[in-house]
Amino acid sequence: MPLPGGGRAVGPERAGEVPHVLYVRFHPAPGEDVYQGLLTLLGELTPVVEALPPDAALADVRGALRYFGRDAAGLAEIVRVRALARYGVDCTVGVAANPLLARMAAQEAQEAQEAQARGAQESGDLGDGRRSERTAGAVRMAGAVRTVPGDPDAVAAFLARKPAIALPGVGPATARALSTYGLDSAARIAAAPLATLQRILGASTARRVHAWARGIDPAPVTPNAPARAMGAEHRFRRDELDPVRRRRALLTLADGLGVRLRTSGQVAAAISLTVRYADRSTTTRTRTLTEPTAHTPALTAAAYALHDALGLQRARVRSVALRVEGLTDAGLASHQLTFDPADEKSRRLEAAADRARARFGVSAVRPAGFLDVA
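Calculation rules
- Numbers given to residues run from 1 along each chain, matching the order in which its sequence is written.
- Totals for whole chains, interfaces and linings use all residues, but because this is a predicted model, local features are given only for residues with pLDDT of at least 70 and pairs of side-chain atoms are given and counted only at 80 or more.
- The basis for the side-chain values is all heavy atoms of the structure; hydrogens and waters are excluded.
- Strands here are runs of E lasting at least two residues and helices are runs of H or I lasting at least four, both read from the DSSP assignment and numbered beginning at the N terminus.
- Buried residues are those whose accessible area, probed at 1.4 Å on protein chains only, stays under 20% of the maximum for their type, while exposed residues exceed 50% and partly exposed ones sit between those limits.
- Contacts are assigned to residue pairs that have any heavy atoms within 4.5 Å of one another.
- Areas reported as accessible are Shrake-Rupley estimates using a 1.4 Å probe. Residue values count occlusion only from the protein chains shown.
- Between 30 and 60 degrees the pair is tilted, below 30 it is stacked and above 60 it is edge-to-face, where a pair is any two Phe, Tyr or Trp rings, Trp via its six-membered ring, whose centres lie within 6.5 Å.
- Either the NZ atom of lysine or the CZ atom of arginine qualifies as a charge over a ring when it sits within 6 Å of the ring centre and within 35 degrees of the ring normal.
- We define a polar contact as two N or O atoms separated by no more than 3.5 Å, with the added condition that, inside protein, one atom must be a possible hydrogen donor and the other a possible acceptor, whereas residues neighbouring each other in sequence contribute only through side-chain atom pairs.
- Take the buried Ala, Val, Leu, Ile, Met, Phe, Trp, Tyr and Cys residues and link them wherever side-chain atoms come within 4.5 Å; each set so joined is a nonpolar core.
- Only when DSSP finds a minimum of two bridges between them are two strands counted as paired.
- Axis lines are fitted to C-alpha atoms, over the contacting stretch for helices. Their N-to-C directions set the angle, which ranges from 0 to 180 degrees.

Enquirer: Looking at this model, I keep getting lost on the overall build of the chain. Mind explaining?
Expert: Counting its regular elements, the chain contains 13 helices and ten strands. Across the 374 residues in the chain, those meeting the buried criterion constitute 44%. A separation of at least 24 residues holds for 72% of the contacts in the chain among residues at least 6 apart in sequence. Surface accessibility of the chain: about 19,100 Å² in total, with carbon and sulfur atoms responsible for 53%.

Enquirer: Which parts of the structure should I look at to understand the packing of aromatic side chains?
Expert: Here the distance between the centres and the angle between the planes together describe a pair of aromatic rings. Following the criterion strictly, the structure yields one aromatic pair and no others. With 5.1 Å between their ring centres and 75° between their planes, Tyr67 and Phe68 make a pair best called edge-to-face. The exposed category is assigned to Tyr67, whose relative accessible area is 70%. Its end group placed over the ring of Tyr304, Arg247 keeps NZ or CZ at 3.9 Å from the ring centre.

Enquirer: Any chance you could explain the side chain of Ser319 here in plain terms?
Expert: Within the secondary structure, Ser319 is located in strand S9 (residues 317-325). Among the polar contacts listed, one links the side chain of Ser319 to the side chain of Glu233, at a separation of 3.0 Å. Residues within four places of Ser319 in sequence aside, it is in contact with Glu233, His234, Arg235, Phe236, Thr274, Val275 and Arg276.

Enquirer: Hey, could you run me through the nonpolar core in this one?
Expert: For soluble globular proteins, the rule of thumb is that nonpolar side chains tend to be buried together. Ranked by size, the top nonpolar core spans 33 residues in total, and within it Leu159, Leu167, Leu178 and Ile189 carry the most contacts. If one sorts the elements of this core by residue count, helix H4 (residues 99-128) sits on top with six residues. Setting aside its immediate chain neighbours within four residues, Leu178 contacts Ala164, Leu183, Ile189, Leu197, Leu201 and Val209.

Enquirer: Is there a simple way to explain the pairing of strand S2 (residues 49-52) in this structure?
Expert: On a regular strand, each side chain points to the face opposite its neighbour's, so the side chains alternate between the two faces of the sheet. Taken together, the four bridges between S2 and strand S3 (residues 56-60) define a ladder with antiparallel strand orientation. Pairing of Glu50 across the sheet is with Leu58, part of S3.

Enquirer: Looking at this model, I keep getting lost on the sheet that holds S2. Mind explaining?
Expert: The strand order across the open sheet built from five strands is S2-S3-S1-S4-S5, with neighbouring strands paired in mixed fashion. The open sheet has two edge strands with one neighbour each: S2 and strand S5 (144-147). Shown here is a sheet whose adjacent strand axes are inclined to one another by a mean of 15°, direction ignored. For strand S1 (residues 21-27) and strand S4 (residues 90-96), the ladder comprises seven bridges, and the chain directions are antiparallel. For Arg25, the partnering residue across the bridge sits in S4 and is Thr92. In this fold helix H1 (residues 32-43) packs onto S1, S2 and S3, with an angle of close to 160° to the strand it touches most, S2. Docked against the sheet, helix H3 (residues 72-87) engages S1, S4 and S5, running at close to 165° with respect to S4.

Next comes the structure, spelled out in structure tokens:
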């Protein structure tokens, strides 16, 4: 069935499609070397693996089902066992007929595991009268596998109880606009006439959201996609209200991304900030940089500007993530000379710090406001 805006339906309209897409999210978030190893692990099951750095990946295992004699959920359990055995990293896996549903299934599984971990922690606190280190370690969130069956009725039932903001790509502003008209769930959005959604959201956004609400996602898993972006996330130990600590986290992330860009000989054309709140909603903002760069102060300034523009006065923030996009070879980029002595000095200091890191390790030089990973 064609979508309103063109493309092929990959949701419940294709009756009885066997789930074959895995959305894998690793936790705790692995380092870059471990992450590459985990991608190789997925590659042992299927060559159709799409990296979603820093801690997730998509895999299309359609061609592996018959070879391994297992369904997609069985292959997901293999991924969990091998990731734990080789790298000590667990994972939450969503299994479905397309990337959209697989991502939502993984999110549901992760929320259920987090709720279970909090319940176990509260039970331990009540029993001991205080929180101990032993209790804290005992409730570390385990992984899980959540499968959305391929038949249309099961997909509709899975989506029916989801709020609008649970649809990947629907942010707080879009969800508020829909809720104003009583369209506060995926089921109601799916049942609404497309013309109504177009008046609320505009033609292009309405077509996408209407398709998502029906479980339709025409996007394929793209294997071996060239790395066009890098990302990093900082998760706070507790919901963070202090804007100073949030800015310190952004400084830490921007410094790490700058080092990775310069080490790989790349520059970024844009930077995006994703803020995850205590209610698990997210806000993402992107800014195009003045020029492609890997200069840490430029990345930090852009991250600060994105953060300040959100006006998070009393927001309880669970995590912040930065992602640099539009990566190109640094040798092909041009730098506008400013004749500013301070800028020239900053770049010389940065080059010296990179040489120190190359010789003594990444932690040899850090910004004064560096925030340790939670």
